[in-house]
Amino acid sequence: MRAQIYLWVGMSEEFVIPLNGLSAGKNEFGWQARKEFFETFENSEILDAQLDVSVLVEKSGRYVGVDCEVRGSVSVECDRCLGDLVMPVDEEILLSVKFGEEGSSEDSEGGTREVIYLPQDDAVLDMKQIIYDYVCLSLPMQRFHPDGECDPEAVRHLMGPETNVREDSDNPFAALKGLF
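First things first, this report covers the structure right here in the doc.

Thresholds, definitions, all that
- Numbers given to residues run from 1 along each chain, matching the order in which its sequence is written.
- Predicted model: local features are reported for residues with pLDDT of at least 70 only, side-chain atom pairs are reported and counted for 80 or more only, and whole-chain, interface and lining totals are derived from all residues.
- Excluding hydrogens and water, the side-chain figures rest on all heavy atoms present in the structure.
- A pair of strands is labelled paired if DSSP reports no fewer than 2 bridges between them.
- In this description a helix means any DSSP run of H or I spanning at least four residues, a strand means any run of E spanning at least two, and both kinds are numbered starting from the N terminus.
- Polar contact is defined as a pair of N or O atoms within 3.5 Å, subject to the rule that within protein one atom must be able to donate a hydrogen and the other to accept it, and that residues adjacent in sequence are counted only when both atoms are side-chain atoms.
- In summary, the pairing rule links any two rings of Phe, Tyr or Trp, Trp by its six-membered ring, whose centres are within 6.5 Å, and it sorts them by plane angle into stacked for under 30 degrees, edge-to-face for over 60 and tilted for everything else.
- Burial classes: relative accessible area under 20% of the type maximum marks a residue as buried, over 50% as exposed, and values in between as partly exposed (1.4 Å probe, protein chains only).
- Only residues whose relative accessible area exceeds 30% and that form no salt bridge enter a patch; like-charged residues are grouped when within 9 Å of one another, and nonpolar side chains (Val, Leu, Ile, Met, Phe, Trp, Tyr) when within 5 Å.
- To measure how exposed things are, a 1.4 Å probe is used in the Shrake-Rupley method; for residues, cover is taken only from the protein chains shown.
- In the sections that follow, a salt bridge refers to a side-chain nitrogen of Lys or Arg positioned within 4 Å of a carboxyl oxygen of Asp or Glu.
- Throughout this description, the term nonpolar core refers to a set of buried Ala, Val, Leu, Ile, Met, Phe, Trp, Tyr and Cys residues connected via side-chain atoms within 4.5 Å.
- By definition, residues are in contact when any of their heavy atoms lie within 4.5 Å.
- Asp and Glu are treated as the negative residues and Lys and Arg as the positive ones, with His and the ends of the chain left uncounted.
- Each charge is placed at NZ for Lys, CZ for Arg, CG for Asp and CD for Glu.

Topic: the pairing of strand 5 (residues 63-77)
Pairing analysis gives 13 bridges linking strand 4 (residues 48-60) to strand 5, with the strands arranged antiparallel. Bridge pairing in strand 5 links Asp-52 to Arg-71. Counted along the chain from strand 4 to the antiparallel partner strand 5, the turn is 2 residues long, and its residue Gly-61 has a positive phi close to 65°. Two strands pair when backbone bridges link them, and strand 5 and strand 6 (residues 84-99) are joined in this way by 14 bridges, in the antiparallel orientation. Bridging across to strand 6, Val-64 finds its partner in Val-97. Linking strand 5 back to strand 6 in an antiparallel pair, the connection comprises 6 residues, with Leu-82 at a positive phi of about 65°.

Section: the side chain of Asn-27
Residue placement: Asn-27 occurs in strand 3 (residues 25-34). Separated by 3.1 Å, the side chain of Asn-27 and the backbone oxygen of Ser-23 make a polar contact.

Some thoughts on the packing of aromatic side chains
Scanning the entire structure with this criterion turns up 7 aromatic pairs. Aromatic pair Phe-37 and Phe-41: ring centres 5.4 Å apart, planes at 65°, arrangement edge-to-face. According to the relative accessible area criterion, Phe-37 is buried, its value standing at 2%. Here the aromatic residues Phe-15, Phe-29, Trp-31, Phe-37, Phe-38, Phe-41 and Tyr-132 are joined through ring pairs into a cluster of three or more.

Remarks on the pairing of strand 6
Pairing analysis gives 5 bridges linking strand 6 to strand 7 (residues 114-118), with the strands arranged parallel. Paired with Lys-98 across the bridge in strand 7 is Tyr-117.

Points about a nonpolar patch on the surface
On the surface, Phe-173, Leu-176 and Leu-179 cluster together into a nonpolar patch covering about 360 Å² of accessible area. Here Phe-173 shows up in the loop between helix 3 (152-158) and helix 4 (174-177). A relative accessible area of 59% means that Phe-173 is categorised as exposed.

Comments concerning the nonpolar core
By size, the foremost hydrophobic cluster in this structure holds 42 residues, and its most contacted members are Ile-17, Val-66, Val-74 and Met-127. Those elements giving two or more residues to this core turn out to be strand 3, helix 1 (35-39), strand 4, strand 5, strand 6, strand 7 and helix 2 (128-138). Considering every element that reaches this core, the biggest residue donor is strand 6, with 7 residues. In contact with Ile-17, not counting residues within four places along its chain, are Leu-22, Phe-29, Trp-31, Val-55, Val-57, Val-66, Ala-123, Val-124, Leu-125 and Met-127.

Brief notes about a negative patch on the surface
A contiguous patch of negative charge on the surface is contributed by Glu-36, Glu-39, Asp-48, Glu-77, Asp-79 and Asp-84. Tracing the backbone through its elements, the reader meets Asp-48 in strand 4.

Take it as geometry only, folks, not as evidence of what the structure does.
Next comes the structure, spelled out in structure tokens:
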């Protein structure tokens, strides 16, 4: 049995998974992260976004596994010309949700899943910060257009003003010119 839940609701409830209300088995959620999503985070380097977020939550007893895929593109500022640069995003986030205090080493899973600890009485898993962090970490440290695609006007300013070559008579090294 597979339950499907697709949420396309207002920002206040987006990216929130109601853990207590989930039926056993697999549950699917889907959202879109746009410019407004990243504007809610201070100092976000992301200027615009077109991301689709799909989440598969598997609940079995006390086990809650969250498989999240974030696909699309984001616009950031080019480090060279300061123009808009569209970068692809293709991230997979694998989480295991555990309730209670952060456990001992016997609680840690040796797999590829990150463990998220929630208080016993928490009924929801808010995915906003997790999605934001993973998207930001997926971007390279240096962000710039491929060669030749930067704004030519900005590149010209980066090269600095044209250097004027002094006349030989004004140059203090002019006497050395004929030495060889």
